[in-house]
Amino acid sequence: MRTELVVLDDNVPSRGLLNEWGWSVLVEGRHRFIFDADTNPLVLAHNSKILGVSLRNLDFGFLSHWHHDHYGGFQYIAELNPGLKLYVPPGNLAMVMRWGFEPAVAGKGALREGDGLWVSGPVDDFEQALGIETSSGLVVIVGCSHPGVDRLTEAVLEASGYGKAHAVVGGFHYPKLRALDRLAEMSELIAPAHCSGDDAKRYVMRRYPEKFVEVRTGSVLEF
Ligand SMILES: [Fe+2]
């Protein structure tokens, strides 16, 4: 299924769009959902309007980990989608309900049977990543990769049964170069964003130029 990732906010700005330190991606394909919800609802509201995408009528939401630069806009998303299911790592489910969501904790494996979505499970009991079946192959979205982007990607590959990812997109959290080398063995494309850091971006760009994908606020990645 042809799938678009619309980057609602990344740490790198774009003219005409608001931005803050944060991360949020709207996924439009077989399902419409939001992966993380940035720091600031005003950024989500402004950028979705300028980018011409609706944040209403989502199928579900997904939170990678309990840091504010990933969940700051979720209360706003719940206002637009009352009662929506939000997949979260183990943690503050009462807060998720107060926002107006139905919380759900997914284990490692298929998000729901037969829907082409796979969850890493909470790696180190902290952070989860999501794999999406697309026309190009498996696309993995990560939040901040605190446990390591290579370990999260590995867990999604195990959960999905895919031997290799087509792309890994998201925050890599100032990775060791060894983690990026391992990632390069696991994925055809590498899209460092959010908290990856300039060193990681430069390393991928120079060492694996054929794999590097640039991401910034407002990027639309098609798979
Ligand atoms: Fe982050």
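Above this note sits the structure.
Numbers given for residues are sequential positions, taken from 1 along each chain in its written order. Where local features are concerned, this predicted model is filtered to residues with pLDDT of at least 70; where side-chain atom pairs are given and counted, the filter is 80 or more; whole-chain, interface and lining totals use all residues. Water and hydrogen atoms were dropped before computing side-chain values, which therefore reflect all heavy atoms in the structure.

Asker: Run through the overall build of the protein, naming residues and quoting values.
Answerer: Secondary structure is summarised from DSSP: a helix means a run of H or I of at least four residues, a strand means a run of E of at least two, and numbering begins at the N terminus for each. Per the secondary structure count, the protein includes 7 helices and 13 strands. Values of the radius of gyration come from C-alpha atoms, whereas the globule rule sets the reference at 2.2 Å times the count of residues to the power 0.38. Taken against the 2.2 N^0.38 rule, which gives 17 Å for 223 residues, the C-alpha radius of gyration of the protein at 16 Å falls within 12% of a compact globule. Summarising its shape, the C-alpha atoms of the protein cover approximately 45 × 40 × 30 Å along the three principal directions. Put simply, the protein shows about 9,100 Å² of open surface, and 50% of that area lies on carbon and sulfur atoms. Under the convention used here, Asp and Glu are negative, Lys and Arg are positive, and both His and the chain ends fall outside the count. Every charge is mapped onto a representative atom, which is NZ of Lys, CZ of Arg, CG of Asp or CD of Glu. Positive and negative charge centroids in the protein, built from 21 and 28 side chains respectively, lie 3 Å apart. Where accessible areas are quoted, they stem from the Shrake-Rupley method and a 1.4 Å probe; at the residue level, only the protein chains shown are allowed to cover.

Asker: So what's going on with the coordination of the iron ion? Residues and values would help.
Answerer: Summarising the metal site, the iron ion is bound by the protein donors D69 (OD), H70 (NE2), C144 (SG) and H194 (NE2), whose distances to it range over 2.1 to 2.3 Å. Counted as coordinating are nitrogen, oxygen and sulfur atoms within 2.8 Å of the metal, or 3.2 Å for Na, K and Ca, while water is not included, which may make sites look incomplete. For a four-donor site, all angles between 85 and 135 degrees give tetrahedral; for four or six donors, opposite pairs above 155 degrees with the remaining angles between 65 and 115 give square planar or octahedral; all remaining cases count as irregular. Here the iron ion is ringed by 4 donor atoms whose angles at the metal span 85 to 160°, and the overall shape comes out irregular. Donor residues for the iron ion sit on one chain with the sequence pattern D-H-x73-C-x49-H. On the criterion of sequence distance, the pair formed by H70 in helix α2 (residues 68-71) and H194 in the loop between β12 (187-193) and α7 (198-207) is long-range, its members being 124 residues apart.

Asker: Residues and numbers for the sheet that holds strand β1 (residues 4-9), please.
Answerer: For two strands to count as paired, DSSP must find a minimum of two bridges between them. Sheet architecture is open: 7 strands sit in the order β6-β5-β4-β3-β2-β1-β13, paired in mixed fashion. Only two strands of the sheet have a single neighbouring strand rather than two, namely β6 (102-104) and β13 (220-222). Between one strand and the next, the sheet's axes are offset by a mean angle of 20°, whatever the strand orientation. Across 3 bridges, β1 lies against β13 in antiparallel orientation. Considered in β13, the bridge of L5 is made with L221. Between two residues, a contact is recorded if the distance between any of their heavy atoms is within 4.5 Å. The angle between two axes is taken between their N-to-C directions and runs from 0 to 180 degrees, where each axis is a line fitted to C-alpha atoms and a helix contributes only its stretch in contact. Sheet strands touched by helix α1 (residues 41-51): β1 and β2 (24-28). Its angle to β1, the strand with the most contacts, is close to 135°.

Asker: How would you explain the side chain of D10 if you had to name every residue and give the values?
Answerer: If you trace the backbone, D10 turns up in the loop between β1 and β2. Within the buried set, D10 has no salt-bridge partner at all; the shortest N-O distance to an opposite charge, 4.7 Å, is to K201. Not counting residues within four places of it along the chain, the set of residues in contact with D10 comprises N19, E20, G22, W23, A193, H194, V215, R216 and T217. Only protein chains enter the accessibility calculation, which uses a 1.4 Å probe; a residue whose area is less than 20% of its type maximum is buried, one above 50% is exposed, and one in between is partly exposed. We define a salt bridge as a side-chain nitrogen of Lys or Arg found within 4 Å of a carboxyl oxygen belonging to Asp or Glu.

Asker: Give a detailed account of empty space enclosed by the protein, specifying residues and quantitative values.
Answerer: Space inside and on the surface of the protein is sampled on a 1 Å grid over the protein atoms alone, with a cavity defined as a set of points where a 1.4 Å probe fits but cannot get out and a pocket as an open set with protein on both sides within 12 Å along at least 5 of 7 lines; lining residues have an atom within 4 Å of a point. Grid points are joined across faces, edges and corners, and a volume is the space filled by probe spheres set on the points. Within the structure shown, the criterion is met by 1 cavity of 30 Å³ or more. In this model, the largest cavity occupies a volume close to 70 Å³. In this structure, the largest cavity is lined by M1, T3, V27, G29, R30, H31, F33, D115, G116, L117, I132 and E133. Throughout, the ten residues Ala, Val, Leu, Ile, Met, Phe, Trp, Tyr, Cys and Pro are labelled nonpolar, Asp, Glu, Lys and Arg are labelled charged, and all others, Gly among them, are labelled polar. Looking at the lining of the largest cavity residue by residue, the class counts come to 5 nonpolar, 4 polar and 3 charged.

Asker: Describe the environment of E102, naming the residues involved and giving the relevant values.
Answerer: By the element assignment, E102 lies in strand β6. Expressed as a C-alpha distance, the spacing of E102 and L42, which sit 60 residues apart in the sequence, is 23 Å. With near-sequence residues (within four places) excluded, E102 lies in contact with G83, L84, K85 and L86.

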